[in-house]
Amino acid sequence: AAKQTGEPYRAWSAELDERAGEHARLGAELRAALDAGQFQVVYQPIVRLPERRVTAVEALVRWQHPQRGMVSPAAFIPVAEQNGLIVELGAWILHTACRRMADWRAELGALAPDRVSVNVSARQLARADFPATVAAALATTGLPARCLTIEVTETAVFGGGQALTSLHELRALGVRIALDDFGTGHSSLGLLQTVPVDVLKVDKSFVDNITEAGRHTVIARALIQVSEGLGLTAVAEGVETAEQATALYELGYRLLQGYYFGKPTAEPRFEVDFIHAG
Ligand code: C2E
Ligand code: CA
Ligand code: CA
Ligand code: CA
C-alpha cells in the first residue's frame with residue numbers, strides 16, 4: 001500500500017516541474033517575441049441593441065508563435081505579469097489600439113466605433129507612471145481621451161493604493177474605466193462605493209444560463225439595476241446565442257458582446273445592419 005501512495009505523489013511533482021519549466025520557457029520567449037513583432041491586437045465588437053450598431057471594440061492581444069501557433073492570452077498574460085514584461089507589452093498594446101482607433105475615426109467617420117476598450121493588468125495599474133503612459137499613447141496617436149476605455153478587474157483595484165490613484169488620474173484625463181468580469185471577484189458591490197468607474201462588464205458566467213430563468217437571471221437583473229441606479233453603463237459579456245441576446249435585452253441590457261455578434265478579429269466590420277433582438 002505504501003508503494004502505491006508513493007506513485008501519485010511522484011507523478012504530481014513531475015507535472016509541477018514540467019509546468020514550472022514551461023512557465024520559465026514561455027517567460028524567456030515573451031521578450032524575444034515582442035522584439036520580433038509576434039504579437040497582434042484583435043478587436044471584438046460591443047454592439048448596442050436594438051439597432052446593433054458597433055459602439056465600441058475590445059482590444060485583445062494574440063501571440064502568433066512560430067512553432068506553437070496561436071498562444072492564448074490566458075496562457076501568456078499571467079507569465080508576462082509575473083516577469084514584469086506586461087508593462088512593456090501592455091504599453092505596446094495600448095499604443096497599437098489607440099493608433100488603430102484613431103485610423104478608423106479618420107477613415108470611417110460616422111461608421112467608426114465610439115471607443116476602444118483596452119485591458120490592463122494589476123501590475124500595470126499599480127505603477128505610478130501608468131497614467132502618463134496612457135496620456136502618451138493618446139498624445140502620439142491623436143486619439144481623444146473620451147474614445148478610450150481602460151478595463152480593469154475588481155482584483156486589480158481591490159487593494160486601493162496606487163491602483164486607485166491611477167484610476168482617478170485616468171478619469172481626470174477623460175478616459176473611461178470599466179470593471180471587467182464583474183461579479184466574479186471579491187467585494188464587487190462594495191468596490192462601487194470607492195472606485196471611480198463608468199462601465200460594468202457583467203461576466204459571461206451570468207450570461208451562460210440566462211435563458212433558464214434560474215439564479216443567473218436573478219443576478220443579471222440585479223446587476224443591471226445596480227448599474228442603472230448608479231448611472232453606470234452595463235455591458236453583458238460572452239453572448240453566444242440569439243436567445244441569450246433576447247433575454248438580456250428584456251432584462252434591460254443594451255450593450256452586448258460575444259461570439260453571437262462577432263468574434264475577435266484583426267479586421268472587424270462596423271456596418272450598421274438594423275437587426276432587432278428577438
Ligand atoms: P477578458 O478581458 O474577459 O476578455 C474576454 C474573453 O472572452 C476573450 O478571450 C474573448 O475572446 C472571449 N470571448 C468573447 N466573447 C465570447 C463568447 O461569446 N464566448 C466565449 N466562450 N468566449 C468569448 P481571450 O481573447 O482569449 O482573452 C482572455 C483573457 O486574457 C481576457 O479576458 C483578459 O483577461 C486577458 N487579455 C486578453 N488580451 C489582453 C491584453 O491586451 N492585456 C491584458 N492585460 N490582458 C488581456
Ligand atoms: Ca476585458
Ligand atoms: Ca471580461
Ligand atoms: Ca475574463
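Everything numeric in this text was worked out from a predicted model, so none of it was measured.

(A) Focus on the coordination of the calcium ion (ligand 2). Donor atoms from the polypeptide that bind the calcium ion (ligand 2) are Glu58 (OE), Asn119 (OD1), Glu151 (OE) and Asp180 (OD), placed at 2.2 to 2.3 Å. Mapped onto the polypeptide sequence, the residues donating to the calcium ion (ligand 2) form the spacing pattern E-x60-N-x31-E-x28-D. Separation of the calcium ion (ligand 2) from the calcium ion (ligand 3) amounts to 3.9 Å, with aspartate 180 serving as a shared donor to the pair. Separated by 61 residues along the polypeptide, glutamate 58 in strand 2 (residues 53-65) and asparagine 119 in strand 4 (residues 115-119) bring together distant segments of the chain.

(B) Structural context of the pairing of strand 2. Burial analysis of strand 2 places 11 of its 13 residues in the buried class, which makes it a mostly covered element. In the sheet, strand 1 (residues 39-48) pairs with strand 2 via 10 bridges, with the strands oriented antiparallel. The residue bridging valine 47 from the neighbouring strand is valine 54, located in strand 2. Between strand 1 and strand 2, which pair antiparallel in sequence order, lie four residues; one of them, arginine 52, sits at a positive phi of approximately 65°. As defined by bridge partners, strand 2 adjoins strand 4 across four bridges and the pair is classed as parallel. Each residue of the ladder has a partner; that of alanine 59, found in strand 4, is valine 118. Relative to strand 3 (residues 69-71), strand 2 runs antiparallel, the two sharing three bridges. When the sheet's bridge partners are listed, glutamine 64 is paired in strand 3 with methionine 70. Following strand 2, the chain reverses through three residues before pairing antiparallel with strand 3.

(C) Expanded view of the site of ligand 1. Neighbouring ligand 1 are 20 residues; Gln44, Arg62, Asp180, Glu240 and Tyr259 lie closest to it. A distance of 3.1 Å is found between an oxygen atom of ligand 1 and a side-chain nitrogen or oxygen belonging to asparagine 119. In the environment of ligand 1, a nitrogen atom lies 2.6 Å from a nitrogen or oxygen atom belonging to the side chain of glutamate 240. The protein chains hide 80% of the 800 Å² of surface that ligand 1 would expose on its own. Elements with a contribution of two residues or more to the shell around ligand 1: strand 2, helix 2 (73-83) and strand 6 (176-182). Looking at the shell around ligand 1 residue by residue, the classes come out as eight nonpolar, five polar and seven charged.

(D) Layout of helix 7 (residues 161-173). An ideal rise of 1.5 Å per residue puts 18 Å on 13 residues; helix 7 measures up with 19 Å between its terminal C-alpha atoms. For helix 7, every residue scored as buried is listed here: Ala163, Ser166, Leu167 and Leu170. Seen along its axis, helix 7 keeps its buried residues to an arc of 100°; they face one direction. Those residues of helix 7 hidden inside the fold are in contact with helix 4 (122-125), helix 5 (130-141), strand 5 (148-153), helix 6 (154-158) and strand 6. Backbone geometry just downstream of helix 7 places glycine 174 in the positive-phi region, at approximately 105°.

(E) Structural view of the pattern of salt bridges. Applying the stated rule across the entire model yields 12 salt bridges. One salt bridge in this structure joins arginine 127 and aspartate 129, with 3.0 Å as the shortest N-O distance. Looking at aspartate 129, the relative accessible area reads 36%, which means it is partly exposed. Linking glutamate 151 and lysine 201 is a salt bridge whose minimum nitrogen-to-oxygen distance equals 2.8 Å. Separated by 50 residues along the polypeptide, glutamate 151 in strand 5 and lysine 201 in strand 7 (residues 199-202) bring together distant segments of the chain. Via salt bridges that share partners, Glu58, Glu151, Lys201 and Glu237 belong to a single interconnected network.

Definitions and cut-offs
Residues numbered from 1 in each chain as written. Chains lettered and ligands numbered in written order. Predicted model: local features only at pLDDT ≥ 70, side-chain atom pairs only at ≥ 80, totals over all residues. Heavy atoms only, no water. Donors = N, O, S within 2.8 Å, 3.2 Å for Na, K, Ca; no water. Helix = DSSP H or I, 4+ residues; strand = E, 2+ residues; numbered from the N terminus. Buried < 20%, exposed > 50% of the residue type's maximum accessible area, 1.4 Å probe, protein only. Pairing = 2+ DSSP bridges. Near = heavy atom within 4 Å. Polar contact = N/O pair within 3.5 Å; in protein donor to acceptor, adjacent residues only side chain to side chain. Areas by Shrake-Rupley, 256 points an atom, 1.4 Å probe, with all protein chains shown as cover. Nonpolar A, V, L, I, M, F, W, Y, C, P; charged D, E, K, R; others polar. Expected span 1.5 Å × (residues − 1). Arc of directions from axis to C-beta. Contact = heavy atoms within 4.5 Å. Salt bridge = Lys/Arg side-chain N within 4 Å of Asp/Glu carboxyl O.

Everything listed here is a matter of coordinates, which is why it stays silent on function.
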